[in-house]
Amino acid sequence: MKNNFRKIKQSILNFGLKFYLNRFIRKIDNKITLFLIKHISKILVINFRKASNNHGKVICFTLENLGDTVRASGIINFLNNHYKSFIVCTEYNQKIIELMGIDPNRILVLRRDPGIIDLVNLLKFMKKNSIERSIILDHSNSKLFPLYCSKIANIKNIHWIDIDKIKMEEIIDFSNMHNIDILTTLKVFILKEILGEHEFHLYLHKENLKYINLRCEDKLYDRYKEYIGIHIGGFGSVLYSVSRKYPEEYTYKLILELLNKGFKIVLTGDNSDMKFFEKYIKELSRFENFQNLAGKLSIKELSCLLKSLKLYITPDNGTLHIAQAVGCKNVIVLLGPTSPLLVKGTNTYILREELWCSPCIKFIDFPKKCVHNEEICLLNLNYKKIIKLVEDLLCTSK
């Protein structure tokens, strides 16, 4: 037992060292590249952010994390249907982009922190396809690389958002009116600039703001229509100092009580999540109404599962946004550090504790560490509150 523990500990340590070393090298490459292209781009004088009636070839950038790409899915679908669009994404987001039915020949995959090699590949790609518009759906520092590259490539119509120039009141009002999170709202505002006021309002009535038009041909997913999905992971659970993950012990108690009440439960998560939750699996596997699919699904399979579930329980992470985008019937979000403004959506129910320090993750402000030794905002969220909401939503008396 001790040997197994040492092996797991060593593998996690090795993974962490390799991860941070590779990340450090990529960051250096990225910073040098940004420095170079920033100064090169100043040589070119471009009619910046000028709207155009020319509906020519469009290049669309989404270089941020999985959740941000899903947030942009409605816009990407629109561009794919109305323009000749080319999508630039990272390797983390490629599978999600492919789920939207984008032609693989129109997809360029870059690294999360683009460097010199990515610069060369992108400029070649833009030159080859004679791009006329650049649409940058990233909002943080990730927008700088495509912004400078678009200027260097002499693309005169560059659409992006400088957050400092937008009134937060307008963002929040729009977010509340359409029940979408504020980061999706920012991306939607980019579309507003492209379409113009009149066409934009027509788009709002005709299209969903955040969706993945998913086709699940495999009828095997029908078996999960009566299941509740529970995600055992959470963004920040391993590599980030402020965790958004609901504690494993609480998750176990939640699952156990729901199983005893007769609910059918299926787990989602990845292999790293399973390392922390594995000790509970043997006990839960005694139940016939329990299925463990954590670490066993591709992005498409996970998306199809989420579409079929009658309810999904998850902390703040990428699977939450996928569940919203594919139209999961009910989504319960367990929040601690995250602001509710960042996760709101259709059929989404938020559970959180009101504490003086929560939320500490607001808009694009990410704290370096928790002000406490542990995330009491999540520790104080009693699993019995979750069970009550489940029973209220599903109108089930046990």
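Definitions and limits used
- Residues numbered from 1 in each chain as written.
- Predicted model: local features only at pLDDT ≥ 70, side-chain atom pairs only at ≥ 80, totals over all residues.
- Heavy atoms only, no water.
- Salt bridge = Lys/Arg side-chain N within 4 Å of Asp/Glu carboxyl O.
- Helix = DSSP H or I, 4+ residues; strand = E, 2+ residues; numbered from the N terminus.
- Buried < 20%, exposed > 50% of the residue type's maximum accessible area, 1.4 Å probe, protein only.
- Pairing = 2+ DSSP bridges.
- Axes fitted to C-alpha atoms, helices over the stretch in contact; angles between N-to-C directions.

### A word on the pattern of salt bridges
Right, on to step 1. The final tally for this structure, using the stated rule, is 20 salt bridges.
Right, on to step 2. Here Lys 27 makes a salt bridge to Asp 113, at a shortest N to O gap of 3.4 Å. Linking Lys 27 in helix α1 (residues 2-41) with Asp 113 in the loop between β3 (107-110) and α5 (116-129), this pair joins segments that are 86 residues apart in sequence.
Right, on to step 3. Among the ionic contacts, a cluster of salt bridges with common partners joins Glu 64, Asp 68, Arg 71, Asp 181 and Lys 187.

### As for the environment of Lys 84
Right, on to step 1. Relative to the elements of secondary structure, Lys 84 occurs in strand β2 (residues 84-90).
Right, on to step 2. In this structure Lys 84 comes out as partly exposed when scored by relative accessible area, which is 41%.
Right, on to step 3. Along the sequence, Lys 84 and Arg 106 sit 22 residues apart, while their C-alpha atoms lie 9.1 Å from each other.

### Quick look at the pairing of strand β7 (residues 264-268)
Right, on to step 1. Burial analysis of β7 places four of its five residues in the buried class, the great majority of the element.
Right, on to step 2. Looking at chain direction, strand β6 (residues 227-231) and β7 are connected through five bridges and run parallel. Of the residues in β7, the one forming a bridge with Ile 230 is Leu 267.
Right, on to step 3. One ladder, built from three bridges, connects β7 with strand β8 (residues 290-292); its direction is parallel. Looking at the pairing, Val 266 lines up with Gln 291 of β8.

### Remarks on the environment of Asp 103
Right, on to step 1. Summarising the element assignment, Asp 103 is placed in the loop between α4 (94-99) and β3.
Right, on to step 2. Each C-alpha atom of the pair Asp 103 and Phe 86 lies 8.8 Å from the other, and the pair is 17 residues apart in sequence.

### Observations concerning the sheet that holds β7
Right, on to step 1. Here we have six strands laid out as an open sheet, ordered β8-β7-β6-β9-β10-β11, and parallel in their pairing. At either end of the open sheet lies a strand with only one pairing partner, and these are β8 and β11 (348-351). With direction set aside, neighbouring strand axes in the sheet form an average angle of 20 degrees.

### Quick notes on the pairing of strand β1 (residues 57-62)
Right, on to step 1. Most of β1 sits out of view: five of its six residues are buried.
Right, on to step 2. Here four bridges tie β1 to strand β4 (residues 133-136), and the two strands are oriented parallel to one another. Paired with Phe 61 across the strands is Ile 136, a residue of β4.

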